Amino acid sequence: QQQVKQSPQSLIVQKGGISIINCAYENTAFDYFPWYQQFPGKGPALLIAIRPDVSEKKEGRFTISFNKSAKQFSLHIMDSQPGDSATYFCAARSDYKLSFGAGTTVTVRA
Amino acid sequence: GAGVSQSPRYKVAKRGQDVALRCDPISGHVSLFWYQQALGQGPEFLTYFQNEAQLDKSGLPSDRFFAERPEGSVSTLKIQRTQQEDSAVYLCASSMAVGNIQYFGAGTRLSVL
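Cut-offs and rules
- Residues numbered from 1 in each chain as written.
- Chains lettered and ligands numbered in written order.
- Predicted model: local features only at pLDDT ≥ 70, side-chain atom pairs only at ≥ 80, totals over all residues.
- Heavy atoms only, no water.
- Helix = DSSP H or I, 4+ residues; strand = E, 2+ residues; numbered from the N terminus.
- Rg over C-alpha atoms; globule rule 2.2 N^0.38 Å.
- Buried < 20%, exposed > 50% of the residue type's maximum accessible area, 1.4 Å probe, protein only.
- Contact = heavy atoms within 4.5 Å.
- Areas by Shrake-Rupley, 256 points an atom, 1.4 Å probe, with all protein chains shown as cover.
- Lys, Arg positive; Asp, Glu negative; His and termini not counted.
- Charge placed at Lys NZ, Arg CZ, Asp CG, Glu CD.
- Core = buried A, V, L, I, M, F, W, Y, C linked by side-chain atoms within 4.5 Å.
- 1 Å grid on protein atoms, 1.4 Å probe; cavity = no way out; pocket = protein on both sides within 12 Å on 5 of 7 lines; lining within 4 Å.
- Points joined across faces, edges and corners; volume = space filled by probe spheres on them.
- Nonpolar A, V, L, I, M, F, W, Y, C, P; charged D, E, K, R; others polar.
- Disulfide = S-S within 2.5 Å.
- Pairing = 2+ DSSP bridges.
- Axes fitted to C-alpha atoms, helices over the stretch in contact; angles between N-to-C directions.

### Section: the overall build of chain A
Point 1. When helices and strands are tallied, chain A shows zero helices and eleven strands.
Point 2. Here the C-alpha radius of gyration of chain A, 13 Å, is about what a compact globule of 110 residues would show, namely 13 Å.
Point 3. Each of the three principal axes of chain A carries a C-alpha extent, and together these read 40 × 30 × 20 Å.
Point 4. When each of the 110 residues of chain A is scored for burial, the buried share is 45%.
Point 5. Across chain A, the fraction of contacts at a sequence separation of at least 24, relative to all contacts at a separation of at least 6, is 52%.
Point 6. Put simply, chain A shows about 5,400 Å² of open surface, and 48% of that area lies on carbon and sulfur atoms.
Point 7. Averaged over its 12 positive side-chain charges, chain A has a centre that lies 5 Å from the centre of its 8 negative ones.

The structure is reproduced here in structure tokens:
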């Protein structure tokens, strides 16, 4: 069964807009929550990650918000650019094992 | 090399054939992982190695799947008697140590006809 639920499946945003992707989990053993970006024909690449003792982490235009009590976390992409068009996966780690969401395809229109 | 290298990039197999997929991890990385990514889905964990030891193979879908890493570097994922449901992208990832960032290769796309 899928341990990390991700939504939406896809989204379209105008250049300069904000993209928001949401994820939820149940397993309280997860201790690390990375986001991966994947372009067609490439493997996933780590974008940004957060630990559950932090409520927010920002790196450039990318921000993770984390709500431990609700077991939810989200990725915000500010000032979206056409080069951000990709599939984004949230993930959660327990020990060494990563569990991935189903992915969100983001399309940024110029 | 600079990153995780996987070969072949594409593999077409007839149902019932055996296939072998290769992964060259980043030099010096102790931990190695295999994932299966079905079309339109996120990667699913298959198996984990620390050096040459296979510590977790709980994600392998059947006994037709076998992975090895005999010298603690290159790894091979073998699928025997391939079935159509085996069609997927097989991703390899490595990390310097368990708990560190996992770096992914570009994957091998397997199509079973």
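Resuming the write-up.
### Observations regarding the nonpolar core
Point 1. In terms of nonpolar packing, the biggest core is built from 24 residues, with F33, W35, F73, L75 and Y88 of chain A touching the most fellow members.
Point 2. Those elements that place two or more of their residues in this core are strand 2 (10-14), strand 3 (19-25), strand 4 (33-38), strand 5 (45-50), strand 7 (62-67), strand 8 (72-77), strand 9 (86-94) and strand 11 (104-109) of chain A.
Point 3. If one sorts the elements of this core by residue count, strand 9 of chain A sits on top with four residues.
Point 4. Here F73 of chain A is in contact with V4, I21, N22, C23, Y25, F33, W35, S65, F66, C90 and A91 of chain A, once residues within four sequence places are set aside.
Point 5. In terms of nonpolar packing, the next biggest core, distinct from the first, is built from 20 residues, V4, W34, L77 and I79 of chain B among them.

### A closer look at the layout of surface pockets
Point 1. Taken as a whole, the largest pocket encloses approximately 560 Å³ of empty space.
Point 2. Contributing to the lining of the largest pocket are 28 residues, with Q38 of chain A together with Q37, L39, G40 and R109 of chain B lying nearest its centre.
Point 3. At the level of secondary structure, the elements contributing two or more residues to the lining of the largest pocket comprise strand 9 of chain A together with strand 9 (88-95) and strand 11 (108-112) of chain B.
Point 4. Partitioning the lining of the largest pocket into residue classes produces 13 nonpolar, twelve polar and three charged.

### Examining the state of the cysteines
Point 1. Applying the stated criterion across every chain yields a total of two disulfides over all chains.
Point 2. Paired by a disulfide, C23 of chain A and C90 of chain A hold their sulfur atoms 1.9 Å apart. Taking the sign of the torsion about the S-S bond as the criterion, the disulfide between C23 of chain A and C90 of chain A, at about -95°, is left-handed. One end of the pair, C23 of chain A, is in strand 3; the other, C90 of chain A, is in strand 9, and 67 residues separate them in sequence. With respect to burial, C23 of chain A and C90 of chain A carry one shared label: buried.
Point 3. One disulfide in the model links C23 of chain B with C92 of chain B; its S-S distance is 1.9 Å. Taking the sign of the S-S torsion, about -65° here, the bridge from C23 of chain B to C92 of chain B comes out left-handed. Placement of C23 of chain B in strand 3 (residues 19-24) and of C92 of chain B in strand 9 is noted, with a sequence separation of 69 residues between them.

### As for the sheet that holds strand 3 of chain A
Residue and element names in this part refer to chain A.
Point 1. Strand order in the open sheet formed by five strands is 1-3-8-7-6, with antiparallel pairing between adjacent strands. This sheet does not close on itself; its edge strands, each paired only once, are strand 1 (4-7) and strand 6 (56-59). Taken pair by pair, the neighbouring strands of this sheet meet at an average axis angle of 15°, ignoring direction.
Point 2. Looking at chain direction, strand 6 and strand 7 are connected through four bridges and run antiparallel. Its bridge partner lying in strand 7, E59 is registered against F62.

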